[in-house]
Amino acid sequence: MTAFGQRLSDVFAASGQLCVGIDPHPYLMSEWGIADTPDGLREFGLRVVEAAVGRVGILKPQVAFFERHGSAGFAALETVFAAARSGGLLVIADAKRGDVGSTVEAYGRAWLTPGSPLEADAMTISAFQGVGSIGAPRDLALATGKGLFVLAATSNPESASIQTARGDAGTVTATILSGIRDWNTAEGAPLGSVGAVIGATVDFESFGFDDASLAVIPVLAPGLGHQGASFSDLRRIYGSATPNVVVSASRIILSAGPSGLAAAITAQADEVAKAVQS
Ligand SMILES: O=C(O)c1cc(=O)[nH]c(=O)n1[C@@H]1O[C@H](COP(=O)(O)O)[C@@H](O)[C@H]1O
């Protein structure tokens, strides 16, 4: 079994750092000429998968848009996950779960257990209840070659009001990063299995951390494109951590529509490749 950090490094080397988000916003589905129904979600997701295979290595389906349609939406999501994984893409389930340890263990099992209907390669997760609360999904991830991305410094404008709050161990963000770093350091690989979500819109200093503190941490980077951050600024934003960054982009690509999708993915992947090297 290959650890998630290694799998991610391999994908970066083979296919670059762009991660295409599958966010079927109702307005986008309408622009694509697809009905906002479970069948429509399946079609939207599969079209993104088809355009992504061979052009990028990572997809991040946003679970919320599928969840709106209940069990039929989840069935569509299962099909999209299966198509993406069988196309060789690394799938990050953007599920943003979190709870007391005994319950979050079940969330981990839902999204990370090999053979589970919703099996992904990694999931987004919240450590608001303490980094120790996500110990069970972390153990499962380690045992199965899967990964976690823990919300640490999120891209939304409201995030600073809570995440920059300070306790004895520094800001909320710094406390989460320190817990993740300890885990990844103990794992002993150059890149650990537990990542952090660090929005590209975030001012690192006011959130109480720096790029050097991300050394063994895979970083999921939303906030580019529609949320205001520029792809050309990736190196300025993430500094020495740039090689660890999963560069997330959803609407900026999806707004190209079904016929322009493949070209938009190729263009975005090229822009990201240039930006991370410059
Ligand atoms: O975990 C995430 O992916 C995430 C964290 C965060 O801090 N900000 C953020 O925008 N996201 C997600 O990243 C995607 C951003 O979409 P675009 O702004 O269209 O690229 C959405 O699916 C968000 O839910």
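Conventions adopted
Residues numbered from 1 in each chain as written. Predicted model: local features only at pLDDT ≥ 70, side-chain atom pairs only at ≥ 80, totals over all residues. Helix = DSSP H or I, 4+ residues; strand = E, 2+ residues; numbered from the N terminus. Rg over C-alpha atoms; globule rule 2.2 N^0.38 Å. Buried ≥ 20, exposed ≤ 12 C-beta atoms within 10 Å, placed from the backbone. Contact = placed C-beta atoms within 7 Å. UniProt positions renumbered as here; feature names shortened; annotations may be inferred. Expected span 1.5 Å × (residues − 1). Near = placed C-beta within 6 Å. Nonpolar A, V, L, I, M, F, W, Y, C, P; charged D, E, K, R; others polar. Axes fitted to C-alpha atoms, helices over the stretch in contact; angles between N-to-C directions. Left-handed = near helix turned anticlockwise from the far one by under 90°. Pairing = 2+ DSSP bridges. Right-handed = clockwise from strand over helix to strand, strands pointing away.

Draft legend 1. The overall build of the protein chain, seen in detail. Counting secondary structure elements, the protein chain contains twelve helices and ten strands. Rg of the C-alpha trace for the protein chain: 17 Å, near the compact-globule value of 19 Å for 278 residues, within the 12% margin. Taken over the C-alpha atoms alone, the protein chain extends approximately 50 × 40 × 35 Å along its principal axes. The buried share of the protein chain, taken over its 278 residues, is 48%. Considering only contacts in the protein chain between residues 6 or more positions apart, those separated by 24 or more positions represent 75%.

Draft legend 2. Structural view of the UniProt feature "domain: Orotidine 5'-phosphate decarboxylase" (unreviewed entry) in the protein chain. Here, UniProt's "domain: Orotidine 5'-phosphate decarboxylase" (unreviewed entry) annotation points to residues 17–265. Summarising residues 17–265: 41% helix, 18% strand, and an end-to-end C-alpha distance of 12 Å.

Draft legend 3. Up close: helix 3 (residues 38–52). Taking 1.5 Å of rise per residue, 15 residues should cover 21 Å, and helix 3 covers 21 Å from first to last C-alpha, within 8% of that figure. On its buried side, helix 3 packs onto strand 1 (18–22), helix 2 (26–31), strand 2 (58–61), helix 4 (63–67), helix 5 (70–86) and helix 12 (257–277). Just beyond helix 3, the residue with positive phi is Gly54, at close to 85°.

Draft legend 4. Focus on the site of the ligand. Near the ligand, the surroundings consist of 20 residues, among which Thr154, Ser155, Pro222, Ser250 and Arg251 are the closest. Classifying every residue of the shell around the ligand gives four nonpolar, 13 polar and three charged.

Draft legend 5. Spatial organisation of the environment of Val53. Within the element layout of this structure, Val53 appears in the loop between helix 3 and strand 2. C-beta crowding within 10 Å serves as the criterion here: with 17 such atoms nearby, Val53 is assigned to the partly exposed category. It is 28 Å that separates the C-alpha atoms of Val53 and Thr154, two residues lying 101 residues apart in sequence. In contact with Val53, other than residues within four places in its own chain, are Gly87, Gly88 and Leu89.

Draft legend 6. Focus on helix 9 (residues 172–187). The first and last C-alpha atoms of helix 9 sit 23 Å apart over 16 residues, in line with the 22 Å expected at 1.5 Å per residue. Among the residues making up helix 9, those that are buried are Val172, Thr173, Ala174, Thr175, Ile176, Leu177, Gly179, Ile180, Trp183 and Asn184. Contact partners of the buried residues in helix 9: helix 7 (135–144), strand 5 (147–153), helix 8 (160–163), strand 6 (166–167), strand 7 (170–171) and strand 8 (194–198). Looking one or two residues past helix 9, Gly188 carries a phi angle of roughly 85°, positive in sign.

Draft legend 7. Looking closely at the packing of helix 3 against helix 12. Where helix 3 contacts helix 12, the axes come no closer than 9 Å and their chain directions differ by 35°. Along this stretch, helix 3 crosses helix 12, giving a crossing that reads as right-handed. On the side of helix 3, the interface is formed by Arg47, Val48, Ala51 and Ala52, while helix 12 contributes Pro258, Leu261, Ala262 and Ile265.

Draft legend 8. The arrangement of the pairing of strand 1 in detail. For strand 1, the buried fraction is high: five of the five residues fall into the buried class. Alternating residues of strand 1 divide into Leu18, Val20 and Ile22 and Cys19 and Gly21, and every residue in both groups is buried. Bridge analysis of strand 1 against strand 10 (residues 245–249) gives three bridges, and the strand direction is parallel. Paired with Cys19 across the strands is Ser248, a residue of strand 10. One ladder, built from four bridges, connects strand 1 with strand 2; its direction is parallel. The partner of Val20 across the bridge, within strand 2, is Leu59.

Draft legend 9. Layout of the environment of Ala200. Within the fold, Ala200 resides in the loop between strand 8 and strand 9 (219–221). For Ala200, a count of 23 C-beta atoms within 10 Å puts it in the buried group. Considered as a pair, Ala200 and Gly225 are 25 residues apart in the sequence and their alpha carbons are 9.8 Å apart. Setting aside residues no more than four positions away along its own chain, Ala200 makes contact with Ser155, Ala221, Gly223, Leu224, Ala229 and Ile237.

Draft legend 10. Representation of the pairing of strand 4 (residues 122–125) in the model. Residues Ala122 and Thr124 line one face of strand 4 and the alternating positions Met123 and Ile125 line the opposite face, and both faces are buried. Alignment of strand 3 (residues 90–97) against strand 4, held across three bridges, turns out to be parallel. By the bridge assignment, Arg97 is partnered in strand 4 with Ile125. Read as a crossover between parallel neighbours, the route from strand 3 over helix 6 (residues 101–112) to strand 4 is right-handed. Taken together, the four bridges between strand 4 and strand 5 define a ladder with parallel strand orientation.

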